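Architecture at a glance
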Amino acid sequence: MSRFMLFVILFSVTQLAQSQNTSTLSGKIIDADEQPIPGTAIHLLNTHFGAATQADGNFTINPIPQGNYRVQISAIGYATVEQSLTLNQSTQELNVTLAEVTTQLDAVVVTAQKTEEDVQKVPFSMSAIPSRQVLEYRIWNSKDITAIAPNVYSANPGDNRNVTSIRGITSTSYDPSVATYVDGVNQFGLDTYIAQLTDIERIEVLRGPQGTLYGRNAMGGVINIITKQPTNHTSGFGEINMGNYGQQRYSAGVRVPLVANKLFLGVSGMYDRTDGFYTNALYDSHFDKKHSVMGNYYLKYIASPTWAFTLNVKHNENRNNGAFPLASSIDDAFENPFEVSQNAVSTMVDNTFNTSFNASYVGSRFNFTSQSTYQSNYRQYQTPLDGDFSPADIVTIINNYGKDWNKVKVFTQEFKFSSPTHSLSPFQWTAGTYLFYQDNPVKQATHFGEDAAFFGAEPFTSILTTSTGKSSGVAFFGQVTFNITDRFSLISGLRYDYEHKDQDVLGEYYIDGIPDPVFETQEKASSTASFNAISPKVGLTLAVNDQSNFYATYARGFRAGGLTAISPDPNQPPLYAYKPEYSNNIEAGMKNMFLDNHLKLNFDVFYIASTDVQVPTLVIPGAFVITQNAGSLRSFGSEVELSTTPIKNLQIDYNLGYTNAKYTSGFVPDPDNDGERLSLDGKRQMFTPDVTSMMAVQYSIDLVRAAHLKFVVRAEWQYLGHQYFDILNTLVQDNYSVLNTRVGISGKSFEVMFWGRNLADKKYISYAYNFGAAHMGDPRNCGVTLRKSF
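Residues numbered from 1 in each chain as written. Predicted model: local features only at pLDDT ≥ 70, side-chain atom pairs only at ≥ 80, totals over all residues. Heavy atoms only, no water.

1. Structural notes on the overall build of the chain
Counting secondary structure elements, the chain contains four helices and 53 strands. Over its C-alpha trace the chain gives a radius of gyration of 27 Å, about what one expects of a compact globule, namely 28 Å for 790 residues. A separation threshold of at least 6 residues defines the contact pool for the chain, and within that pool the share at least 24 residues apart is 66%. Of the roughly 31,100 Å² of accessible surface on the chain, 57% is carried by carbon and sulfur atoms. Of the side-chain charges in the chain, 58 are positive and 73 negative, and the distance between the mean point of each set is 8 Å. (Helix = DSSP H or I, 4+ residues; strand = E, 2+ residues; numbered from the N terminus. Rg over C-alpha atoms; globule rule 2.2 N^0.38 Å. Contact = heavy atoms within 4.5 Å. Areas by Shrake-Rupley, 256 points an atom, 1.4 Å probe, with all protein chains shown as cover. Lys, Arg positive; Asp, Glu negative; His and termini not counted. Charge placed at Lys NZ, Arg CZ, Asp CG, Glu CD.)

2. Describing the pattern of salt bridges
Applying the stated rule across the entire model yields 35 salt bridges. Across the pair Asp702 and Lys648 runs a salt bridge whose closest N-O atoms are separated by 3.7 Å. Linking Asp702 in strand β45 (residues 691–704) with Lys648 in the loop between β42 (631–644) and β43 (650–669), this pair joins segments that are 54 residues apart in sequence. Its relative accessible area of 36% is what places Lys648 among the partly exposed residues. Within the structure, one salt-bridge network assembled from shared partners comprises Asp33, Glu100, Lys648, Asp702, Arg705 and Lys710. (Salt bridge = Lys/Arg side-chain N within 4 Å of Asp/Glu carboxyl O. Buried < 20%, exposed > 50% of the residue type's maximum accessible area, 1.4 Å probe, protein only.)

3. Digging into the pairing of strand β10 (residues 126–130)
The element β10 is extensively covered by neighbouring structure, given that five of its five residues are classed as buried. Residues Met126, Ala128 and Pro130 point to one face of β10 and Ser127 and Ile129 to the other, with burial holding for every one of them. Sheet topology note: the β10/strand β16 (residues 200–207) ladder contains five bridges and is antiparallel. Note that in β16 the partner of Met126 across the bridge is Leu206. (Pairing = 2+ DSSP bridges.)

4. Overview of the nonpolar core
Among the nonpolar cores identified, the biggest contains 73 residues, and Ile139, Ile145, Ile203, Phe324, Phe725, Ile727 and Ile765 are the most heavily contacted of them. Excluding residues that lie within four positions of it along the chain, Phe725 makes contacts with Tyr153, Ile330, Met686, Phe687, Leu731, Val732, Gln733, Ile765, Ser766, Tyr767 and Ala768. If you look at the next biggest cluster of nonpolar residues, it comprises 21 residues, including Leu44, Leu87, Leu94 and Val96. (Core = buried A, V, L, I, M, F, W, Y, C linked by side-chain atoms within 4.5 Å.)

5. Thoughts on the packing of aromatic side chains
Applying the stated rule across the entire model yields 25 aromatic pairs. Ring geometry for Trp717 and Tyr719: centres 6.1 Å apart, planes at 40°, overall tilted. Here Tyr719 falls in the partly exposed class, since its relative accessible area comes to 23%. For the ring pair Tyr769 and Phe771, a centre distance of 5.5 Å and an interplane angle of 25° mean the geometry is stacked. In textbook terms, an aromatic cluster arises when at least three aromatic residues are bridged by ring pairs, as seen for Trp307, Phe309, Phe357, Tyr361, Phe366, Phe368, Phe415 and Phe417. The lysine or arginine in question, Arg138, covers the ring of Trp755, its NZ or CZ lying 4.5 Å from the ring centre. (Phe/Tyr/Trp six-rings, centres within 6.5 Å; stacked < 30°, edge-to-face > 60°. Lys NZ or Arg CZ within 6 Å of the ring centre and 35° of its normal.)

6. What to know about the sheet that holds strand β13 (residues 169–170)
In spatial order, the strands read β11-β12-β13; together these three strands make up an open sheet with antiparallel pairing. Unpaired on one side and paired on the other, β11 (152–155) and β13 mark the two borders of the sheet. Bridge analysis of strand β12 (residues 163–166) against β13 gives two bridges, and the strand direction is antiparallel. What sits directly across from Ile166, in β13, is Ile169.

7. Comments concerning the sheet that holds strand β1 (residues 22–30)
Read from one edge of the open sheet, three strands run β4-β1-β7, paired in mixed fashion. At either margin of the open sheet sits one strand with a lone partner, and together these are β4 (58–65) and β7 (91–97). The mean angle between the axes of side-by-side strands here comes to 20°, regardless of whether they run parallel or antiparallel. With six bridges connecting them, β1 and β4 associate as antiparallel partners. When the sheet's bridge partners are listed, Leu25 is paired in β4 with Ile61. (Axes fitted to C-alpha atoms, helices over the stretch in contact; angles between N-to-C directions.)

8. Let's talk about a nonpolar patch on the surface
A cluster of nonpolar side chains, contributed by Ile647, Tyr699, Ile701, Leu703, Val704, Phe711 and Val713, occupies part of the molecular surface with about 570 Å² of accessible area. Of all the secondary-structure elements, those providing two or more residues to the nonpolar patch are β45 and β46 (709–720). The element that contributes the greatest number of residues to the nonpolar patch is β45, accounting for four residues. Given a relative accessible area of 40%, Val704 falls into the partly exposed group. (Patch = residues over 30% accessible without salt bridge, like charges linked within 9 Å, V, L, I, M, F, W, Y side chains within 5 Å.)

9. Regarding the side chain of Asn141
Checked against the element boundaries, Asn141 lands in the loop between α2 (131–136) and β11. At a separation of 2.7 Å, a polar atom in the side chain of Asn141 contacts the side chain of Asn162. Once residues within four sequence positions are removed from consideration, Asn141 is found in contact with Asn162, Ala195, Gln196 and Leu197. (Polar contact = N/O pair within 3.5 Å; in protein donor to acceptor, adjacent residues only side chain to side chain.)

10. Quick word on the environment of Ala252
Secondary-structure assignment places Ala252 in strand β19 (residues 247–259). Beyond its immediate chain neighbours, meaning those up to four positions away, Ala252 contacts Phe237, Gly238, Val267, Ser268 and Gly269.

Laid out in structure tokens, this is it:
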């Protein structure tokens, strides 16, 4: 049915296409010495039109419908340029001189509003990390963006999932409050997204609720990751990284036109391994030894000037021989850093598959995009996993019940229409619909060993919990920008979301050696729940001049409700529903570019009021999550982004965020007194440093100017303020700083860099569970990178 609907839509919009006058665009791209720059990419934003310069720096694009466009010009080693272009005659020239990347700041094109535009024109706060900075910051995993974007904190609890917080809106369950998109595909939950990164074009961090265009679970913001895609120009790279702790990382990629102007192929892959930072004192062995394999494959077909089709397949296979390298408490973590003592060591198998098919149409009346996706994640522990994080045989977790269990599957479909690229109308609009279906069968046992009496449990018994959950939903969305004048615009958006959940649960009690359950700890129960939400957005933008923009917005955030599968209290029924979480957000800011792209200064302030805040609690020893609505939260703060190239070959980047996020009402159960409740009034939000700060200073010295050969030295200072890891504020990490460096030789298409992370070997907690188990941030580590691009 979906294929038939897609065919009907594609056929219909094709019939609406009109013939237009066309232009041939040609020109030449040169450097400051008037030398041609071969391999320069020229791309007309929000179209399928593009080209690469030849050896003489010349290019030609033909035919292009006449109208107004924005064009992006980018080349390795040069600052990216983005400018206006009007095509109003049959032939037209575009000649551009590019400056070296060390002499001015890049113009960065983003897709934050699901259309390509200059990041400085986007009417809300966001950070864009282009490919060059991804390499310079050495961002290998999505958690590495912590503090690079203001008020962003992301940490790995030990199992390759990342918990991310933006402005005090934090993800603490499998349904995140910060949505992650990779190449336009919503990484539906913490189970199905791929956190490891390679061959990245840019990373966009959208702060504040993005429900109108991105929908469910984007109430804190969106992390939008875009990988490099194939074009008409053959390009690629190879990279080797070696470091202490047995770190090895090999990656490579190639992008080629199989048929010029028609068919393109892109392939990239990555293999990494490490002996891990932790030692298991019980066995005097490496604990978190792991390796992974990742692939990303593109096939793009431009059928005509108006139609293009893209198939993208991604996969990531992780093997971790010591998942959850946790100390039993924060005190234990600091007393014996990077040391665990666990008797049950298992290999975690974590396989993620992600594929999408895109069809896009660029027409004279409207643009259209269809995106169909399938995602899956299979995660299991090959042998029982330690659940008490001690040398005693108290509790282990078992989930190896075959591939029919613990495998999450997600299907999504989005249809999106938008105003035509070169429209002269004062209205720009986007509208569409989004559908999803998720299947999540879970089977997991808690086994009590010979020392189970420490927990008051009967030794050599198990509690097996079986749960199947299905959810589906539909959303309709639209956003309009009305340009009242050339400098003043109004924005209005609205989204309606509907979601339905079905879940059942069964708890059974087993005795070792007896194959059948002795009795049911929880008789089989089923339940359903439905939720809906309307997410409005209004805003205004004022262009003070061509380099400075002011904006102010109001938006409502929404995080879907759900069903808690099982309760730790036998008197409380399972499958009780928790309500959706909502927030009202007000934000105002300015974006400024000064001194002919040599200084960027962005500033914003925000206020957030959240209700029915969802707080998940991991219950030990059962290792299941209980989610409840805890109360109301208020968050306010400000953010600053500064980048400058004050002199040639010197670039300084500084990002600062301040967040004051506190609960204003609500109660949670007292863990020490059954039946009692504790007030949350005045408690700080979890996983939210009050200050995030990142300063990066990079200086290069010309060695052989004609060959673009430089000596590069870089220093980074990251500062994170006071934060808590539990809702009652008993688990705390004081403020701390981390120093990083990068030094070496770079050329136009290669680099040899030595890098160091956490040079002062600062000991700090990056994540802790509500029951006290703690995971430390990475220790001092160093290595070398060899990279060749073409």
